[in-house]
Amino acid sequence: MADANARLRLCDLQLAQGSRTVLEHISGEFRDGAITALIGANGTGKSTLIQGIMGMLKPIAGRVECSVPKERRAWLPQQLALDLTFPMSVEELVMTGSWPSHGALKGYCAAHYRKGREIMARLGISHLAHRPLGELSGGQRQRALIGRTLMQEAELLLLDEPFANVDAETVEVLMRVLRDMASEGATIIVVLHDMEQLARLADETVVLASGHARWVSVESVLQPLRSAAPASFLSQAIGGVSPC
Amino acid sequence: MLTLLHEWLIAPFDYGFMKRALIASFALSLAAPPMGVFLVLRGMSLIGDAMAHAILPGVALGFLLAGFSLPMMSLGGILSGLLVAVLAGSVSQMSGQREDAAMASFFLISLAAGVMIISLGGSSVDLTHVLFGSILAVNTTSLLLIAAISSLIVITLAVIFRALVVECLDPLFLRGQGVRGSLVHGVFLGLVVLNLTAGFQTLGTLMAVGLMMLPATAARFWSKRLEGLIAVAIGIALVASTGGLLLSYHFNMPSGPAIILLAGVGYVFSALFGSQHSLRRRLRRRAAPLGAPEPH
């Protein structure tokens with residue numbers, strides 16, 4: 001599983017929220033072109049780890065080594081900071097994905113619009129192109145936001161529970177798109193709670209519990225659940241009763 | 001008929017002072033409404049008001065030191081406006097108090113300090129002049145300064161436009177790109193201060209904010225799109241400025257309040273008859289029928 005050339009690696013990382021250390025001694029690589037599921041009970045630091053990887057939270061110790069350029073990193077947080085009253089259409093939101101690499105001053109050219117339309121067609125939201133953001137359902141909004149990351153040509157994509165409050169059809173579309181992005185080489189990290197989604201989507205799993213992280217195979221996460229005799233570390237992570 | 005129209009609408013601008021007033025208010029009408037639109041979208045509609053009070057002590061000090069010199073008063077205004085913005089920001093960061101509370105405290109202090117400084121050094125005529133402006137007394141130097149500041153605002157706004165949009169819409173996206181939202185926010189507040197200092201000569205410190213906010217709040221009733229909001233707001237500001245100047249000329253009204261009141265009429269009209277969320281729309285709104293089901 002170790003990949004010496006991985007574009008994203010954590011080296012003895014320690015992260016804190018305020019004065020409380022949430023995670024420590026986290027070392028490992030995220031394989032390029034793979035979808036890694038991040039699992040753990042509430043409060044085990046999944047969002048903290050994502051913030052650390054995005055560079056929004058300075059490490060107390062250790063470091064995040066990421067060779068993906070900033071304009072190719074995308075993050076969809078669980079608590080959206082998106083202002084839904086802002087007068088912007090779906091197409092305009094998708095197009096903002098080109099800003100980081102295209103620059104702040106240049107206008108869009110025909111190729112940008114073409115790409116935007118292709119992306120919306122791929123996500124099944126072409127008919128919503130001119131709809132204001134405030135009038136979208138949760139699933140439609142999530143598709144539009146994934147559209148923005150596609151426009152951005154994101155090579156590192158961090159998603160915090162992307163399928164929460166989203167309709168089943170959207171889940172299918174998003175899973176297919178994420179799979180395509182990964183096969184094109186993107187490194188994708190997804191916070192997941194649903195084991196069925198994990199089984200279908202993830203190539204690898206990182207389990208967070210008691211301030212530590214463990215890289216494990218998807219099978220080893222699913223196996224104990226199926227056999228109804230969870231290993232203590234996993235049961236703690238997935239929300240079972242702690243053995244102590 | 002044509003003669004009458006000419007006499008009412010065109011002839012007043014044969015006078016040099018009316019020409020200068022018109023150009024000054026056009027410059028302000030191009031620069032101020034876009035700022036107002038962003039303030040409204042960011043839920044900071046009252047910040048403009050707070051900043052208008054904040055520039056007062058600086059304007060007053062400039063007035064005391066150099067008399068009625070627009071460059072000195074503007075410089076003072078910019079400095080005190082920025083000082084209050086920075087102080088309010090730091091106090092709220094250090095104490096955890098909300099920024100609007102800190103801002104409210106500082107702008108009240110500023111207002112009192114400004115009025116005190118002018119009263120100690122000047123007369124009540126001066127006070128009225130600074131508080132409410134005198135657009136008909138704009139000379140060429142003032143006009144150049146207003147035009148220069150307005151141009152600077154429009155250009156800077158164009159440069160930071162995308163960052164500003166993203167910062168309003170989705171601050172986390174901007175942070176993810178390594179751009180500090182607070183920097184964009186700071187530049188934007190700086191522009192608000194600049195805009196108000198450009199406006200105080202013509203409209204007065206307290207009225208200058210009117211040309212920024214009223215067209216912007218009115219535009220919300222006409223457009224769902226950002227470009228539309230900005231275009232409508234600028235349009236309303238231009239009409240209010242021209243109309244206000246004409247009213248002030250023909251009926252011997254004070255020009256600043258005439259302009260702002262006309263913008264206010266625009267706001268009330270928009271709220272009643274606009275194409276978005278207006279009273280008219282609300283009364284007319286009916287749920288559209290789903291239509292016949294598609295045949296299987």
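Residues numbered from 1 in each chain as written. Chains lettered and ligands numbered in written order. Predicted model: local features only at pLDDT ≥ 70, side-chain atom pairs only at ≥ 80, totals over all residues.

Some points on the overall build of chain B
The number of helices and strands found in chain B is 14 helices and zero strands. Along chain B, from the amino end to the carboxyl end, the secondary structure elements read α-α-α-α-α-α-α-α-α-α-α-α-α-α. For a compact globule of 296 residues, the expected C-alpha radius of gyration is about 19 Å, and chain B comes in at 21 Å, within 12% of that figure. Here chain B holds 296 residues, and the buried ones make up 45% of them. Partitioning the intrachain contacts of chain B with sequence separation of at least 6 by distance along the chain shows that 72% fall at a separation of at least 24. (Helix = DSSP H or I, 4+ residues; strand = E, 2+ residues; numbered from the N terminus. Rg over C-alpha atoms; globule rule 2.2 N^0.38 Å. Buried ≥ 20, exposed ≤ 12 C-beta atoms within 10 Å, placed from the backbone. Contact = placed C-beta atoms within 7 Å.)

Overview of the confidence of the model for chain A
For chain A, the average pLDDT comes to 86, and 89% of its residues sit at 70 or higher. With pLDDT under 50 throughout, residues 240-244 of chain A is counted as low confidence; its partners more than four residues away or in other chains account for five contacts. (pLDDT = per-residue confidence, 0-100.)

What to know about the interface of chain B and chain A
With 18 residues of chain B at the contact, the number on the chain A side is 20 residues. Here the element with the most residues in the side of chain B that touches chain A is helix α8 (residues 140-169) of chain B; it accounts for six residues. The class makeup of the residues in the side of chain B that touches chain A is 10 nonpolar, three polar and five charged. (Nonpolar A, V, L, I, M, F, W, Y, C, P; charged D, E, K, R; others polar.)

Here's the deal with the packing of helix α2 (residues 16-41) of chain B against helix α10 (residues 181-203) of chain B
Residues and elements named next belong to chain B. Look at α2 against α10: their axes get within 10 Å of each other, and the N-to-C directions meet at 145°. Of the two elements, α2 crosses α10, and the hand of that crossing is left-handed. Across from Ala24, Ser25, Leu28, Ala31, Ala32, Met35 and Phe38 in α2, the residues of α10 making contact are Phe188, Leu191, Val192, Asn195, Ala198, Gly199 and Thr202. By residue class, the composition of the contact of α2 with α10 is 10 nonpolar, four polar and no charged. (Axes fitted to C-alpha atoms, helices over the stretch in contact; angles between N-to-C directions. Left-handed = near helix turned anticlockwise from the far one by under 90°.)

Describing the pairing of strand β6 (residues 156-160) of chain A
Residues and elements named next belong to chain A. Of all five residues making up β6, five are buried, and the element is well covered by its neighbours. By the alternation rule, side chains of β6 split into Leu156, Leu158 and Asp160 and Leu157 and Leu159, which are all buried. Bridge count between strand β5 (residues 73-76) and β6: four bridges; the pairing is parallel. Across the sheet, residue alanine 74 finds its bridge partner in β6, namely leucine 157. Here five bridges tie β6 to strand β7 (residues 187-191), and the two strands are oriented parallel to one another. From the neighbouring strand, leucine 156 faces β7, where its bridge partner is threonine 187. In the classification by handedness, the crossover that spans β6, the intervening helix α6 (residues 168-183) and the parallel β7 is right-handed. (Pairing = 2+ DSSP bridges. Right-handed = clockwise from strand over helix to strand, strands pointing away.)

Points about the packing of helix α11 (residues 208-219) of chain B against helix α12 (residues 226-251) of chain B
Residues and elements named next belong to chain B. As a packed pair, α11 and α12 sit with axes 8 Å apart at the nearest point and diverge in direction by 125°. When the axes of α11 and α12 are compared, the pair comes out oblique. The way α11 lies across α12 gives a crossing that is right-handed. Only Leu229, Val232, Ala233, Ile236 and Ala237 of α12 make contact with α11, whose side of the interface consists of Leu211, Pro215, Ala216, Ala218 and Ala219. Of the residues in the contact of α11 with α12, the class split is 10 nonpolar, no polar and no charged. (Parallel < 35°, antiparallel > 145°, perpendicular 65-115°, else oblique.)

A closer look at the sheet that holds strand β3 (residues 35-39) of chain A
Residue and element names in this part refer to chain A. In spatial order, the strands read β5-β6-β7-β3-β8-β9; together these six strands make up an open sheet with mixed pairing. Bordering the open sheet on either side are β5 and β9 (212-217), each of which pairs with just one other strand. Each strand of the sheet is rotated relative to its neighbour by a mean of 15°, with strand direction disregarded. On the sheet, helix α1 (residues 46-53) packs against β3, β5, β6, β7 and β8 (204-209) and is oriented at approximately 155° with respect to β6.

Describing unusual backbone geometry
Positive phi outside glycine occurs at His25(A), with the angle close to 50°. Positionally, His25(A) belongs in strand β2 (residues 20-30). Owing to 13 C-beta atoms within 10 Å, His25(A) belongs among the partly exposed residues under this scheme. For His277(B), which is not a glycine, the phi torsion comes out positive at approximately 55°. Checked against the element boundaries, His277(B) lands in the loop between α13 (255-273) and α14 (279-284). The class for His277(B) is partly exposed, based on 15 C-beta atoms found within 10 Å.

Quick word on the environment of Phe273(B)
Residues and elements named next belong to chain B. With respect to the element layout, phenylalanine 273 can be found in helix α13. For the pair phenylalanine 273 and valine 159, spaced 114 residues apart in sequence, the C-alpha separation works out to 34 Å. Residues in contact with phenylalanine 273, not counting those within four places in the same chain, are Ser278 and Arg280.

Some remarks on the sheet that holds strand β1 (residues 8-17) of chain A
Residue and element names in this part refer to chain A. Taken in spatial order, the three strands of this open sheet run β2-β1-β4, and their pairing is antiparallel. With one partner strand each, in any of the chains shown, β2 and β4 (61-66) form the two edges of the open sheet. Neighbour to neighbour, the strand axes of the sheet diverge by 25° on average, direction disregarded. Alignment of β1 against β2, held across seven bridges, turns out to be antiparallel. In the sheet register, leucine 10 faces β2, and the bridge partner there is glycine 28. Taken strand by strand, α1 contacts β1, β2 and β4, and its axis lies near 120° from that of β1.

Observations concerning the environment of Trp99(A)
Along the chain, Trp99(A) turns up in helix α3 (residues 99-102). Trp99(A) sits 83 residues away from Ala16(A) along the chain, and the two C-alpha atoms are 31 Å apart.

Overview of helix α3 (residues 47-54) of chain B
The periodicity of an α-helix, 3.6 residues per turn, causes residues three or four positions apart to be oriented the same way. Burial runs high along α3(B): seven of the eight residues are buried. Elements in contact with the buried residues of α3(B): α2, α4 (56-66), α5 (70-95), α6 (99-121), α10 and α11 of chain B.

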